[in-house]
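Spelled out, the chains give:
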Amino acid sequence: MAKNIIIDLQGIGKTFDGPAGPIHALKEVSLKVYSGEFVGVRGPSGSGKSTLINMITGIDRPTRGAVKVTGELLNNMSEDQLARWRGKNVGVIFQFFQLLPTLTVMENIILPMEFCHAWKPKERPERAMHLLDQVGMTDQAQKLPNMLSGGQQQRAAIARSLANEPALVIGDEPTGNLDSKSADKVFYLFEELVKQGKTFMMVTHDLGLASRIPRVIEVLDGDLFENGNRPK
Amino acid sequence: MKISFLKVWRDLWLNKGRTLMVIMSISVGVMAVGMVVSSNILVTRQMGDTHIESNPSHALLYLAGVVDEDTISSLERIPSVKGVEGYSNSYIKWKTTLDGKWEDGSIISYAELENQTYDKMTLKDGAWPESKFIGVEEVHIQSFNAPEIGGTVYFEINEHPRAYTVNGILRNPWVFPAPMSENAAFYVTQNDFAKIAGYYGFDTLQITVPEYSKENVEFAIDEINDKLEFQGMSIAFSEILHPEEHFLQEIVSGVGLVLTVMAIASLGLSVMLVINTINALIAQQIPQIGIMKTIGSTRRQITILYMSAIFIYGLLSLVIAVPIGAYAGNALAKWMLNLLNVPATPFEILPNVLLLQIFIGLITPLVAGIFPILKGVAIPAAQAISQTGIGRGQYGYRLIDRLTSGIRGIPILAALALRNTFRRPGRVALTLLTLTISGAFFIMVSSTQYSFVKTIDTIFDGFGNEVQIEFEQDQRIEEVIPLIESRPNVKNAEMWVFRIADAKVPGTSGPGSEYEVFVRGVPSKSPIFKPKLTAGRTLDPADARAILLNQKLAGKMGVGIGDEIVIDLPDAGESNWTIVGLVFDLGGRDQNTAFADIDTLNRTLNNVGKSAVVMIQGTEQNLEIQQAIEADMIEFFDAKGMTIDSSAVATEERNNAAAQFGILTNLLMMMTVMMAIVGSMGLSGTLSINVIERRREIGVMRAVGASSKDVGIVFTGEGLMLGLTSWLFAVPIGLGVGPVFVKALGSVIDFPAEYHPAINSVWIWFGIVVVLSIVASWIPARRATQISVNESLAYE
Ligand SMILES: Nc1ncnc2c1ncn2[C@@H]1O[C@H](COP(=O)(O)OP(=O)(O)OP(=O)(O)O)[C@@H](O)[C@H]1O
Ligand SMILES: [Mg+2]
């Protein structure tokens with residue numbers, strides 16, 4: 001099977017205006033990720049990992065350079081177009097789970113389907129249950145997020161990220177807030193996703209986990225390195 | 001239901017306190033508007049309806065004597081007149097028990113009580129008066145303890161009490177309850193009237209013209225006057241009435257307008273409160289908005305979600321505001337109608353007011369909410385979900401932060417309270433604005449109250465704040481004065497001459513050129529007459545025909561100091577007078593008084609040395625002494641066979657006038673209280689928002705050893721700080737805008753009160769603000785003290 005490029009960053013840079021002058025969070029970086037790949041992102045605190053991830057998910061925009069994800073050029077899209085595109089094509093997982101506290105686990109998973117008008121309303125609960133089954137959370141479907149452990153919340157969040165069957169799933173330190181046992185279970189889920197053909201990219205500080213990821217990108221002071229070289 | 005709406009519902013429920021706050025504040029505004037508008041509509045409609053129902057005459061002519069039925073029939077034959085009816089009205093003494101004290105009252109009689117033509121009375125209960133059986137004015141049963149059906153009233157006839165039985169309760173559209181009226185009215189047959197009053201005949205005529213217009217009525221009045229003068233009778237004064245509009249409609253509309261303005265002001269305050277609360281709600285929701293965007297929601301979707309929440313707020317507030325507003329509006333209308341002796345209608349919800357309430361109840365919160373929502377939704381997703389999003393870590397950059405943090409050397413808790421107070425400038429500004437506006441209104445309304453009372457005092461001080469008696473016939477001044485001054489409690493007495501005349505600008509003639517004027521002759525160097533001059537100087541005995549003219553009448557006539565006017569005095573013809581001063585006086589009819597030297601006036605009248613009106617100054621100026629003088633005079637002169645036609649005690653009238661204006665100022669105070677409630681709700685809301693936003697900080701304070709008391713002090717201090725700051729703003733605004741407010745109000749109700757700032761109210765508001773601030777801080781501060789370290793640091 002020919003490998004499709006799913007993430008294509010071409011010379012992107014990101015500069016923030018800080019109180020003490022500009023911060024170059026990302027210097028001209030380029031990166032290609034092929035569909036079906038499992039990519040890890042590592043680096044010291046403040047090196048620019050989250051900034052890189054936000055470029056890919058379209059949560060933030062680069063100062064320069066072109067971002068092409070799932071074949072779309074994100075640079076020219078409006079915020080609403082980005083939101084719609086993200087909802088359909090990218091699953092996002094956060095370090096702090098970020099489930100909406102007033103919705104049950106099940107409802108949290110249906111919400112992205114509703115926003116993107118995916119599936120018929122009647123099919124949504126069934127689909128949500130299927131996703132919860134995948135992450136082993138069917139028993140917790142009717143609970144509110146605050147009643148769950150961190151690991152359970154993160155598994156629910158993973159189910160939510162899959163709600164609209166995205167080709168690409170991205171996590172910014174998705175195991176960062178979990179104990180090692182829960183982190184392990186969650187990581188196992190990621191490996192499953194990749195086996196199913198999803199492209200998965202995650203930031204992690206955990207060296208043990210990173211060693212289990214086939215492709216690892218290092219972020220150092222706004223620059224990307226892969227096996228010591230700058231990727232193109 | 002859609003999941004996203006479910007989320008909004010649950011968020012509302014989760015923030016019960018704030019949801020309630022928004023709902024309550026919308027409700028107060030919507031309620032105030034509903035109440036005032038429905039009351040205005042109900043009152044105006046009911047006044048108009050009952051006015052038309054009474055078959056109103058086109059003019060009331062108060063005669064300078066009485067006429068009989070033949071005269072009335074002859075007047076009806078004048079072509080410009082359509083119908084004439086007369087009634088008799090006499091002041092009498094009455095009591096309900098033989099050993100009771102005599103009370104002032106009046107009896108009214110019609111030729112055909114049951115078949116009146118104009119300004120018809122209505123029989124509310126029992127039967128129409130018959131011989132020895134009388135009717136009582138419905139509203140006077142309460143106002144003056146007049147007996148009900150079956151009760152006995154003793155009238156004074158030839159110094160003896162004569163018993164009459166009440167057999168009917170009536171309503172006369174021209175009779176009002178206290179304090180609009182000063183004594184009780186009874187309705188009697190013509191024979192009984194003659195027995196009690198001692199004479200027979202009609203002293204007031206109700207007339208209509210074939211086709212109503214002001215000119216036609218004026219023309220008819222002139223013709224009637226000519227005919228009456230031919231018979232040696234004349235019209236003392238007349239009043240033209242609109243056939244469809246109640247004769248008090250103008251003043252009621254004025255009051256209604258003032259109330260409407262205040263209701264809109266409280267709605268404005270509510271809106272500010274709503275803006276503040278929704279702003280805070282949205283700020284709290286920013287991270288969630290960020291997440292929703294990340295999982296695929298557009299800004300439009302999120303905006304609709306929150307707008308629908310606000311729509312629900314609006315709906316819920318209507319549930320409260322509509323019934324309370326309708327109830328309060330009906331109650332207010334009933335109360336006002338009762339003051340005007342107009343029967344109220346049963347409880348009613350006006351469809352138009354309902355629509356108006358629904359409109360403002362739904363629209364205003366949406367308008368108030370749209371900006372905070374759009375602002376919140378516009379925050380980029382990256383910023384919204386990051387911990388360093390809005391409002392965090394910004395303290396220290398703004399000018400106000402540097403100002404408040406520059407204040408050093410105060411206790412650390414005070415410093416914290418001070419610096420925290422101004423951390424959210426927008427929120428603080430709106431909170432201060434609501435409190436400031438309520439405070440300013442409080443000071444303005446208090447000043448209005450004070451100005452009214454002071455003005456009434458000035459008037460009574462300047463025009464004989466004394467006992468006034470009027471003899472039936474002119475007396476020789478030099479004979480009467482010594483008699484009066486020899487009586488107990490009397491300090492001194494003087495006589496005035498009262499005449500009703502017509503004034504005009506020289507050289508003018510025809511309809512509209514003549515102005516009714518109440519001319520009063522006053523002694524030179526009178527210790528009683530101390531008028532308030534608005535221009536020119538007072539009278540000088542050396543003047544030729546000099547006159548002080550009421551400033552309002554002068555304005556109407558377009559004349560000023562130094563101008564001459566022609567006065568047509570009864571039985572004396574026209575004479576020219578020079579205006580030397582303008583006076584502020586509420587006397588006469590619509591402020592149409594004029595003052596001249598008594599000797600000059602008497603010479604013009606060919607009446608030298610004579611007068612019927614006595615002004616008596618007591619040894620002390622209080623109600624008891626004045627009433628004692630009045631009673632003594634009546635008895636004393638009665639014994640001498642000199643009949644006193646009428647008497648008045650200034651302090652009594654002063655109190656009565658004050659009570660009448662008190663009705664209005666109390667109404668205004670009620671609206672002010674409503675504003676203060678909104679203001680303190682705003683303060684409480686702001687503080688509880690602050691508590692929620694600063695949970696983490698509170699936790700840290702607790703972690704480093706702050707007691708519950710310390711935390712409480714910081715938040716109560718913040719509340720006090722806001723309250724006192726608003727007071728600092730409210731005082732100059734209240735005192736500064738006060739004169740404008742009093743002037744505007746005065747022109748609306750036709751009472752040109754002088755402005756007197758109520759300095760007391762500044763301190764009273766200070767006290768209220770302190771109490772309100774502490775009360776408003778109570779719940780938020782208590783909540784703050786209940787936050788545990790653990791919970792606050794784990795929050796979010
Ligand atoms: N909104 C912002 N405004 C200003 N500076 C920012 C902003 N976001 C990030 N930065 C800066 O950009 C740099 C990179 O930040 P980024 O969050 O990408 O780091 P990171 O590698 O994810 O760190 P961590 O491992 O701590 O999450 C940092 O110096 C950070 O302070
Ligand atoms: Mg990061």
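Residues numbered from 1 in each chain as written. Chains lettered and ligands numbered in written order. Predicted model: local features only at pLDDT ≥ 70, side-chain atom pairs only at ≥ 80, totals over all residues. Heavy atoms only, no water.

## As for the overall build of chain A
Then, in step 1: Regarding its fold elements, chain A presents seven helices and 10 strands.
Then, in step 2: For chain A, whose C-alpha radius of gyration is 17 Å, the value lies close to the compact-globule estimate of 17 Å for 232 residues.
Then, in step 3: With respect to the principal axes defined by its C-alpha atoms, chain A has extents near 45 × 45 × 40 Å.
Then, in step 4: The 232 residues of chain A split such that 56% are buried.
Then, in step 5: For chain A, the proportion of contacts with a sequence separation of at least 24, taken over those separated by at least 6, is 70%.
Then, in step 6: Accessible surface, chain A as shown: approximately 10200 Å² in total, 49% of it carbon and sulfur.
Then, in step 7: With 27 positive and 26 negative side-chain charges, chain A shows a spacing of 3 Å between the two charge centroids. (Helix = DSSP H or I, 4+ residues; strand = E, 2+ residues; numbered from the N terminus. Rg over C-alpha atoms; globule rule 2.2 N^0.38 Å. Buried < 20%, exposed > 50% of the residue type's maximum accessible area, 1.4 Å probe, protein only. Contact = heavy atoms within 4.5 Å. Areas by Shrake-Rupley, 256 points an atom, 1.4 Å probe, with all protein chains shown as cover. Lys, Arg positive; Asp, Glu negative; His and termini not counted. Charge placed at Lys NZ, Arg CZ, Asp CG, Glu CD.)

## Re the site of ligand 1
Residue and element names in this part refer to chain A.
Then, in step 1: The local shell around ligand 1 holds 13 residues, among which Ser45, Gly46, Lys49, Ser50 and Thr51 are the closest.
Then, in step 2: Between ligand 1 and Gly48 there is a distance of 3.0 Å, counted from an oxygen atom to a backbone nitrogen or oxygen.
Then, in step 3: Contributions of two or more residues to the shell around ligand 1 are made by β2 (21-34) and α1 (49-57).
Then, in step 4: If you tally residues by element for the shell around ligand 1, the top one is α1, at three residues.
Then, in step 5: Split into classes, the residues belonging to the shell around ligand 1 amount to four nonpolar, seven polar and two charged. (Near = heavy atom within 4 Å. Polar contact = N/O pair within 3.5 Å; in protein donor to acceptor, adjacent residues only side chain to side chain. Nonpolar A, V, L, I, M, F, W, Y, C, P; charged D, E, K, R; others polar.)

## Topic: the pairing of strand β3 (residues 103-110) of chain B
All names here are of chain B.
Then, in step 1: In terms of residue burial, β3 counts as a mostly covered element, since six of its eight residues are buried.
Then, in step 2: Pairing of strand β2 (residues 83-95) with β3 involves eight bridges; the strand directions are antiparallel. Opposite Tyr91, over in β3, you have Ser106 as the bridge partner.
Then, in step 3: Sheet topology note: the β3/strand β8 (residues 184-187) ladder contains four bridges and is parallel. Bridge assignment links Gly105 to a residue of β8, and that residue is Ala184. (Pairing = 2+ DSSP bridges.)

## Some points on the sheet that holds strand β5 (residues 72-73) of chain A
All names here are of chain A.
Then, in step 1: Pairing in this open sheet of four strands is antiparallel, and the strands run β2-β1-β4-β5 from one edge to the other. Two strands close off the open sheet at either side, each with one partner strand: β2 and β5.
Then, in step 2: Where strand β1 (residues 5-18) lies against β2, 10 bridges are found, and the strand directions are antiparallel. Residue pairing in the sheet places Ile12 in a bridge with Val29 of β2.
Then, in step 3: Running over the sheet, α1 touches β1, β2 and β4 (64-69) and is turned about 125° from β1. (Axes fitted to C-alpha atoms, helices over the stretch in contact; angles between N-to-C directions.)

## Re the environment of Asn40 of chain B
Residue and element names in this part refer to chain B.
Then, in step 1: Within the fold, Asn40 resides in helix α2 (residues 16-53).
Then, in step 2: For Asn40 and Gln626, which are 586 residues apart along the polypeptide, the C-alpha to C-alpha distance reads 40 Å.
Then, in step 3: Setting aside residues up to four positions removed in sequence, Asn40 forms contacts with Gly256 and Thr260.
Then, in step 4: Polar side-chain contacts of Asn40 include one of 3.1 Å to the side chain of Thr260.

## Structural notes on the side chain of Asp585 of chain B
Then, in step 1: Of note, Asp585 of chain B is situated in the loop between β17 (573-584) and β18 (593-597).
Then, in step 2: The charged side chain of Asp585 of chain B is buried without a salt bridge, its nearest counter-charge being Arg520 of chain B at 4.7 Å. (Salt bridge = Lys/Arg side-chain N within 4 Å of Asp/Glu carboxyl O.)

## Things to note about helix α3 (residues 69-76) of chain B
Residue and element names in this part refer to chain B.
Then, in step 1: Three or more residues of α3 are buried, namely Thr71, Ile72, Ser74 and Leu75. Viewed along the axis of α3, the buried residues span an arc of 160°, placing them on a single side of the element.
Then, in step 2: As for α3, its buried residues are in contact with β1 (59-67), β2, β9 (202-208) and α6 (214-230). (Arc of directions from axis to C-beta.)

## Some details on the interface of chain B and chain A
Then, in step 1: Facing 27 residues of chain B, the contacting portion of chain A comprises 27 residues.
Then, in step 2: When residues of chain B are sorted by the area they lose upon contact with chain A, Ile3, Thr294 and Ile295 of chain B head the list and together hold 26% of the total.
Then, in step 3: Residue Lys293 of chain B pairs with Glu79 of chain A through a salt bridge whose shortest N-O separation is 3.0 Å.
Then, in step 4: Taken together, chain B and chain A are joined by nine residue pairs in polar contact (both at pLDDT 80 or more).
Then, in step 5: Mapped onto the side of chain B that touches chain A, the elements with two or more residues apiece are α1 (3-14), α7 (249-294), α8 (299-339) and α10 (381-385) of chain B. (Buried area = accessible area lost by both parts, 1.4 Å probe.)

## Some words on the packing of aromatic side chains
Then, in step 1: Enumeration according to the criterion identifies 21 aromatic pairs over all chains in this entry.
Then, in step 2: A ring pair is formed by Trp496 of chain B and Phe529 of chain B, whose centres lie 5.7 Å apart and whose planes are at 85°; its orientation type is edge-to-face. On the criterion of sequence distance, the pair formed by Trp496 of chain B in strand β12 (residues 490-504) and Phe529 of chain B in the loop between β13 (515-522) and β14 (532-536) is long-range, its members being 33 residues apart. Accessibility assignment for this pair places Trp496 of chain B and Phe529 of chain B in one class, buried.
Then, in step 3: An aromatic cluster is built from Phe38, Phe187, Phe190 and Phe200 of chain A, whose rings are joined through pairwise contacts.
Then, in step 4: Of note, Arg545 of chain B hangs over the ring of Trp577 of chain B, and the distance from its end group to the ring centre comes to 5.8 Å. (Phe/Tyr/Trp six-rings, centres within 6.5 Å; stacked < 30°, edge-to-face > 60°. Lys NZ or Arg CZ within 6 Å of the ring centre and 35° of its normal.)

## Details of the domain arrangement of chain B
Then, in step 1: For chain B, the assigned domains read domain 1 (1-53 + 286-388), domain 2 (59-240), domain 3 (390-463 + 655-796) and domain 4 (467-620).
Then, in step 2: Once you take the C-alpha centre of each, domain 2 of chain B and domain 3 of chain B turn out to be 54 Å apart. (Domains from an automatic or database assignment.)

## As for the packing of helix α18 (residues 650-693) of chain B against helix α21 (residues 759-786) of chain B
Packed helices, taken two at a time, are described by their axes: the angle between them and the distance between them.
All names here are of chain B.
Then, in step 1: Running from amino to carboxyl end, α18 crosses α21 at an angle of 35°, the nearest separation of the two axes being 9 Å. Between α18 and α21 the crossing geometry is right-handed. Facing Ala676, Ser680, Leu683, Ser684, Leu687, Ser688, Val691 and Ile692 of α18, the residues of α21 in contact are Trp765, Leu772, Ser773, Ala776, Ser777, Pro780, Arg783 and Ala784.
Then, in step 2: In terms of residue class, the contact of α18 with α21 is made up of 10 nonpolar, five polar and one charged. (Left-handed = near helix turned anticlockwise from the far one by under 90°.)

## A look at unusual backbone geometry
Residue and element names in this part refer to chain B.
Then, in step 1: Note the cis peptide between Ala178 and Pro179, where omega equals 0°.
Then, in step 2: Note on placement: Pro179 falls in the loop between β7 (160-171) and β8.
Then, in step 3: Here Asp119, not a glycine, exhibits a phi torsion of approximately 45°, which is positive.
Then, in step 4: Looking at where Asp119 falls in the secondary structure, it is placed in the loop between β3 and β4 (122-126).
Then, in step 5: By relative accessible area, Asp119 is classed as buried at 2%.

## Focus: the pattern of salt bridges
Residue and element names in this part refer to chain B.
Then, in step 1: Using the criterion set out here, one finds 28 salt bridges over all chains in the structure.
Then, in step 2: The closest approach of N and O atoms between Glu138 and Lys124, which form a salt bridge, is 3.9 Å. Of this pair, Glu138 sits in helix α4 (residues 138-143) while Lys124 sits in strand β4, placing them 14 residues apart in sequence.
Then, in step 3: With relative accessibility at 30%, the residue Glu138 sits in the partly exposed group.

## Description of the sheet that holds strand β7 (residues 168-172) of chain A
Residues and elements named next belong to chain A.
Then, in step 1: One open sheet holds the six strands; their spatial order is β6-β7-β8-β3-β9-β10, and the pairing between them is mixed. Each of the sheet's edge strands pairs with one partner strand only, and the pair in question is β6 (90-93) and β10 (223-225). Neighbour-to-neighbour, the strand axes of this sheet turn through a mean angle of 20°, independent of strand direction.
Then, in step 2: As defined by bridge partners, strand β3 (residues 38-42) adjoins strand β8 (residues 199-203) across four bridges and the pair is classed as parallel. Bridge assignment links Val39 to a residue of β8, and that residue is Met201.
Then, in step 3: Helix-sheet contacts for helix α2 (residues 79-89) involve β6 and β7, and the interaxial angle to β6 is about 85°.
Then, in step 4: Where helix α5 (residues 150-161) meets the sheet, it contacts β6 and β7, and its direction lies at approximately 165° from that of β6.

## Observations regarding the confidence of the model for chain B
Residues and elements named next belong to chain B.
Then, in step 1: Scored by pLDDT, chain B comes out at a mean of 86, with 95% of its residues at no less than 70.
Then, in step 2: Contacts from residues 388-393, a stretch scored under 50 in pLDDT, to residues over four places away or in other chains number eight contacts.
Then, in step 3: Scoring of the predicted complex yields 0.78 for pTM and 0.83 for ipTM. (pLDDT = per-residue confidence, 0-100.)

## Examining the side chain of Gln617 of chain B
Then, in step 1: Structurally, Gln617 of chain B is set in strand β19 (residues 610-618).
Then, in step 2: Setting aside chain neighbours within four positions, we find Gln617 of chain B in contact with Glu466, Asn489, Val490, Lys491, Asn492, Pro527 and Ile528 of chain B.

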